[in-house]
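Residues per chain are reported as follows:
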Amino acid sequence: MRSSISSSDAAGVNATPQRWTLAWVVALLVGALLVGTVEMHWRALGYRPNIRDSAQLWSIERDRAYATERTPLLLLGASRIEFAIDMKLLKDLLPKYQPAMLAQNAHYPLAALRDLAGDARFHGVVLCDIEAGGLYKSFTDMQQPLVDYYHKQWSPSWHLHRVLLTHWQHNAVVADPDLGLTASALRLIDGSAAPQPDYFRFHADRSGDIDYRLTDVAAAKKHFGEVLANSQNLHADVPPAQWHADLTQVYEWTKRIQARGGKVIFYQSPTGPTLTRIEAIRHPKAQYWDRFAADSPAPVLDAMDDPTLSKFELPDDSHLDYREKPAYTRALVEALVERAWLER
C-alpha cells in the first residue's frame, strides 16, 4: 500500500520553509535594531568609530616591503612617529616611494629592523625612529610578537578578514569590543562605568591622530615632571661603554640591508623641554647619541639638531597634536631630502 499524506499535512510541509524565512527575517531585523540602538547611544555620548591596531593590520603594512612600482619606505619606531606622520601626505611628497607604517605604540623597533635585515627580498628604505634608551639590547625583542605573527600565521584569508574588520571598525562604534552589545550588556548588569571616549584615532594605514583638546594635557606632562623629580629615574640602565658595545648588532643589521642595495636612516624625534632635560641627564648626548651617530654605518639625524623640526610644540612633551602632522611631515621630508638621504 502506498503511503499518503493529507492535504493539510502537505500544506504544513510547504509552509515550513516560509516560516523559517520569516523567522530569519525577524531575527535579523531585531538584531539590526539592537545594534542600531547601541550605536546611537554611544554616538550621542560623544563616541566615534576608531580602528583598533592588531598584528593583522601590522602585517598588511609589512607586505608593502615588497612593493615593486615604488621603492618601499618603511617607518619603524614607537608612538612618536606613529602619531606624527601624515601618511597620505608623505606619499604625495615622495612619489618615488611606497610608505608603510611599522611603528608600534610603546614598543621599540629593533626586532623589526632585525627582521628586515634577514629578509633577502627587501631592498627598500628604512626610516627608524629611536632614541638612546630604545637602543638597549634588552629591548631587542619588544616587537618580536608582530614579526612572529607575520611569518608564522599571516595568510590571504587573514588579510581579507582584517580588511573587512577595518571597514567595520571605521564605520561603527559598536565594532569596538569595549562598546559592543555583549560588553554593554555586562556593564548594565554589574553597573560598571563605560570607558572614556578615545582622544586618539587610528587610520587603516596604522598612523594615528592625537587630539589634545580631548584630554588632560597637564596630567600627561605631570608624569614627566615626576620622573625628573625622582633622582632614581635619572640614571641610565646601561653604562656608555656597554651600551656602545651592544650596538654591534644594530650596525650588522644595517650593513646587511645596505649590502642588498637597501638603505637605513636613523632618526630621533623631537621632545619637549622637560623630557629633553631628563634624557640629557640619563643619556648624556656626547656619551650616547653622538657616539652612535659617529659610528653608525647609516646616516643619523636628531630632530633637536634641526632648526625646523626642533620647534614643533609637543603638548605632552613627547607627541604631536594631529593638527601639526602635515607641517611636521613636510619639515621631516625637507630635512631628509636636503641631506640627499631621500629623493623627491
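Preceding this paragraph is the structure being described.
Residues numbered from 1 in each chain as written. Predicted model: local features only at pLDDT ≥ 70, side-chain atom pairs only at ≥ 80, totals over all residues. Heavy atoms only, no water.

## Digging into the packing of aromatic side chains
1) Next: Inspection of every chain in the model, using the stated rule, returns 14 aromatic pairs.
2) Next: An angle of 80° between the planes, with centres 6.4 Å apart, marks the rings of Trp 58 and Tyr 150 as edge-to-face. Of the two residues, Trp 58 is situated in helix H2 (residues 55-62) and Tyr 150 in helix H6 (residues 144-152); the sequence distance between them amounts to 92 residues. Both residues of the pair, Trp 58 and Tyr 150, belong to the buried class.
3) Next: When the centroid spacing of 5.3 Å and the interplanar angle of 80° are considered together, the rings of Phe 312 and Tyr 328 count as edge-to-face. Taken together, the positions of Phe 312 in the loop between strand E7 (300-302) and helix H14 (325-338) and Tyr 328 in helix H14 put the pair 16 residues apart, joining distant regions of the chain. Just as Phe 312 is buried, Tyr 328 falls in that class too.
4) Next: Following the ring pairs from residue to residue traces out a cluster consisting of Phe 83, Tyr 199, Phe 200 and Phe 202.
5) Next: If you follow Arg 121 out to its NZ or CZ, it ends over the ring of Tyr 66, 3.7 Å from the centre. (Phe/Tyr/Trp six-rings, centres within 6.5 Å; stacked < 30°, edge-to-face > 60°. Helix = DSSP H or I, 4+ residues; strand = E, 2+ residues; numbered from the N terminus. Buried < 20%, exposed > 50% of the residue type's maximum accessible area, 1.4 Å probe, protein only. Lys NZ or Arg CZ within 6 Å of the ring centre and 35° of its normal.)

## Description of the sheet that holds strand E1 (residues 71-76)
Each strand in a sheet pairs with its neighbour through backbone hydrogen bonds, running either in the same direction (parallel) or in the opposite one (antiparallel).
1) Next: Taken in spatial order, the five strands of this open sheet run E2-E1-E3-E6-E7, and their pairing is parallel. In the strand order of this sheet, the two ends are held by strand E2 (97-101) and E7, each with one partner. Across the sheet, the mean angle from the axis of one strand to that of its neighbour is 20°, orientation sign disregarded.
2) Next: Relative to E2, E1 runs parallel, the two being bridged by five bridges. Bridge pairing in E2 links Leu 73 to Pro 99. (Pairing = 2+ DSSP bridges. Axes fitted to C-alpha atoms, helices over the stretch in contact; angles between N-to-C directions.)

## Quick notes on the pairing of strand E3 (residues 125-129)
1) Next: Most of E3 is tucked away, with five of its five residues classed as buried.
2) Next: Both faces of E3 are covered, namely the face carrying Val 125, Leu 127 and Asp 129 and the face carrying Val 126 and Cys 128.
3) Next: Pairing analysis gives five bridges linking E3 to strand E6 (residues 263-268), with the strands arranged parallel. Paired with Asp 129 across the strands is Tyr 267, a residue of E6.

## Focus on the pattern of salt bridges
1) Next: Tallying each qualifying case throughout the model produces 19 salt bridges.
2) Next: Taking the shortest distance from any N to any O, the salt bridge between Lys 285 and Asp 290 comes out at 2.9 Å.
3) Next: On the accessibility criterion, Asp 290 (34% relative accessible area) is partly exposed.
4) Next: One salt bridge in this structure joins Asp 305 and Lys 285, with 3.4 Å as the shortest N-O distance. Note that Asp 305 is positioned in the loop between E7 and H14 and Lys 285 in the loop between helix H12 (273-282) and helix H13 (289-295), a separation of 20 residues in sequence.
5) Next: The structure contains a network of salt bridges with shared partners spanning Arg 52, Asp 176 and Asp 198. (Salt bridge = Lys/Arg side-chain N within 4 Å of Asp/Glu carboxyl O.)

## A short note on the packing of H2 against H6
1) Next: As a packed pair, H2 and H6 sit with axes 9 Å apart at the nearest point and diverge in direction by 70°. With respect to their mutual orientation, H2 and H6 come out roughly perpendicular. Contacts from Ala 55, Gln 56, Trp 58, Ser 59 and Arg 62 of H2 reach H6 at Leu 146, Val 147, Tyr 149, Tyr 150 and His 151.
2) Next: Here the residues of the contact of H2 with H6 sort into six nonpolar, three polar and one charged. (Parallel < 35°, antiparallel > 145°, perpendicular 65-115°, else oblique. Contact = heavy atoms within 4.5 Å. Nonpolar A, V, L, I, M, F, W, Y, C, P; charged D, E, K, R; others polar.)

## Details of the side chain of Gln 169
1) Next: Checked against the element boundaries, Gln 169 lands in helix H7 (residues 156-171).
2) Next: For Gln 169, the side chain forms a polar contact with the main-chain nitrogen of Arg 52, separated by 2.9 Å. (Polar contact = N/O pair within 3.5 Å; in protein donor to acceptor, adjacent residues only side chain to side chain.)

## Thoughts on H7
1) Next: Spanning 16 residues, H7 covers 23 Å between terminal C-alpha atoms, matching the ideal 22 Å at 1.5 Å per step.
2) Next: The set of residues buried in H7 consists of Arg 162, Thr 166 and Gln 169. For H7, the arc enclosing every buried residue in end-on projection is 70°, short of the 170-degree limit, so these residues lie on one face. What points out from H7, more than 90 degrees from its buried face, is the exposed set Pro 156, Ser 157, Leu 160, Leu 164 and His 167.
3) Next: Tucked inside the fold, the buried residues of H7 contact H2. (Expected span 1.5 Å × (residues − 1). Arc of directions from axis to C-beta.)

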